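Residue strings, one per chain:
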Amino acid sequence: MATTWHHRHILSLADFSCDALNTVLQTANSFSEVLRRPNKKVPALQARLVATLFFEASTRTRCSFELAAKRLSAEVLNFSPGTSSLSKGETILDTAKTFLAMGADIMIIRHQDAGVPNFIAAEMDRLGDQVSILNAGDGFHEHPSQGLLDLYTLCSHLDPIQPRTELLRGKKIAIVGDILHSRVARSNLHSLVKCGAQVHLAGPPTLLPREFEAYGVQLHWELPPALEQADFVMTLRLQKERMSQNLIPSFREYQHRFGITRDRLKFCAPAVRLLHPGPVNRGVELSSDLMDDTKISLVPQQVTHGVAVRMALLYLIGTGQSAPLGV
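Cut-offs applied
- Each chain carries its own residue numbering, running from 1 in the direction its sequence is written.
- Local features are withheld for residues below a pLDDT of 70 in this predicted model, meaning they are given only at 70 or higher, and side-chain atom pairs are given and counted only at 80 or more; totals for whole chains, interfaces and linings count all residues.
- Side-chain metrics in this entry use all non-hydrogen atoms of the structure; hydrogen atoms and water are not considered.
- Here, a salt bridge means any Lys or Arg side-chain nitrogen found within 4 Å of an Asp or Glu carboxyl oxygen.
- Counting from the N terminus, the helices are DSSP H or I runs at least four residues long and the strands are E runs at least two residues long.
- Three labels apply to residues, based on accessible area from a 1.4 Å probe with only protein chains included: buried if under 20% of the type maximum, exposed if over 50%, partly exposed otherwise in between.
- Think of a 1 Å grid over just the protein atoms. A cavity is a set of points where a 1.4 Å probe fits yet cannot get out, a pocket is an open set with protein on both sides within 12 Å along at least five of seven lines, and lining residues have an atom within 4 Å of a point.
- Grid points are joined across faces, edges and corners, and a volume is the space filled by probe spheres set on the points.

**Examining the pattern of salt bridges**
Part 1 of the argument: Under the criterion given, the structure shown has 15 salt bridges.
Part 2 of the argument: For Arg 126, the salt bridge goes to Glu 123, with nearest N and O atoms at 2.7 Å. Residue Arg 126 and its partner Glu 123 are located together in helix H4 (residues 116-127), separated by three residues, close to a single helical turn.
Part 3 of the argument: The class for Arg 126 is exposed, based on a relative accessible area of 59%.
Part 4 of the argument: Asp 159 is the partner of Arg 164 in a salt bridge, and the nearest nitrogen-oxygen pair spans 2.8 Å.
Part 5 of the argument: Three or more residues joined by partner-sharing salt bridges are found here, namely Glu 56, Arg 110 and Arg 183.

Right under this line is the structure:
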């Protein structure tokens, strides 16, 4: 049965209740079934205009959102900052207003600075327009759609028929790596803690400051305690392009202390599974043999689930209802 959806914008998973998270999971599961059909297209957002405003470079997120919108039969309008009027001095807000004037119903915004999607959403609300804003990653703030597809990957692994948040209650999830610069980690922390998971963070002190204790998680500056009996391990990319200082001695030193290898998985629960939001520095955060081991790695599922989850998000903010069975 379709349910009412109360979020006009999707800016942060801090705004989501467990009910809202479950609505996303159930809706994504419906679209996962659609994507297994020979005809993967549905008319759910026919005649709607989805604009992708990516002020920061992206491959996976942009392509995933574009494919999701097209699978829902929406029209898609792409924005590239390098060939836009931004180079002539136009402001980001005026760029957004231009797409609004073209009739955009949904704007998907990615920016290197935190708060830009929130700023645009607030201005759209002030103008009284019904356009919805979806945060596709902003600075060190959040990446809600990645957090939700990670959540869907975890829950659908535990129950492919009925993925739901309660499945994660009491599960130990270790997040390892560059926590400091990761918007993905922040979104995951909001959702996983709400679901009742036991979340453990591990990384060098320079990449894992004590402020993360405020999320209600446990911090480790050594790897073994974080991995001990972990049900899932999520590794994060070392974001050298975001590091203003030399926060680690070298990739080799990081791999020696925090890289996930088959030998280190012996600390984990027997049925442990691995995730990584990508792109992966192979042999640094995660060994290549684990990355390609389909019995342990859920990375391919994360990529596949990204389209279904983003279809769900576009559908939810585009219609205000969750997808009924057999959509």
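**Looking at the layout of surface pockets**
Part 1 of the argument: Here the largest pocket defines a volume of roughly 710 Å³.
Part 2 of the argument: Residue lining of the largest pocket: 33 residues in total, with Arg 60, Arg 110, Pro 277, Gly 278 and Pro 279 positioned closest to the centre.
Part 3 of the argument: Broken down by secondary-structure element, the contributors of at least two residues to the lining of the largest pocket are helix H2 (60-71), helix H5 (144-158), helix H6 (183-194) and helix H10 (299-319).
Part 4 of the argument: The greatest single-element share of the lining of the largest pocket, amounting to six residues, is contributed by H10.

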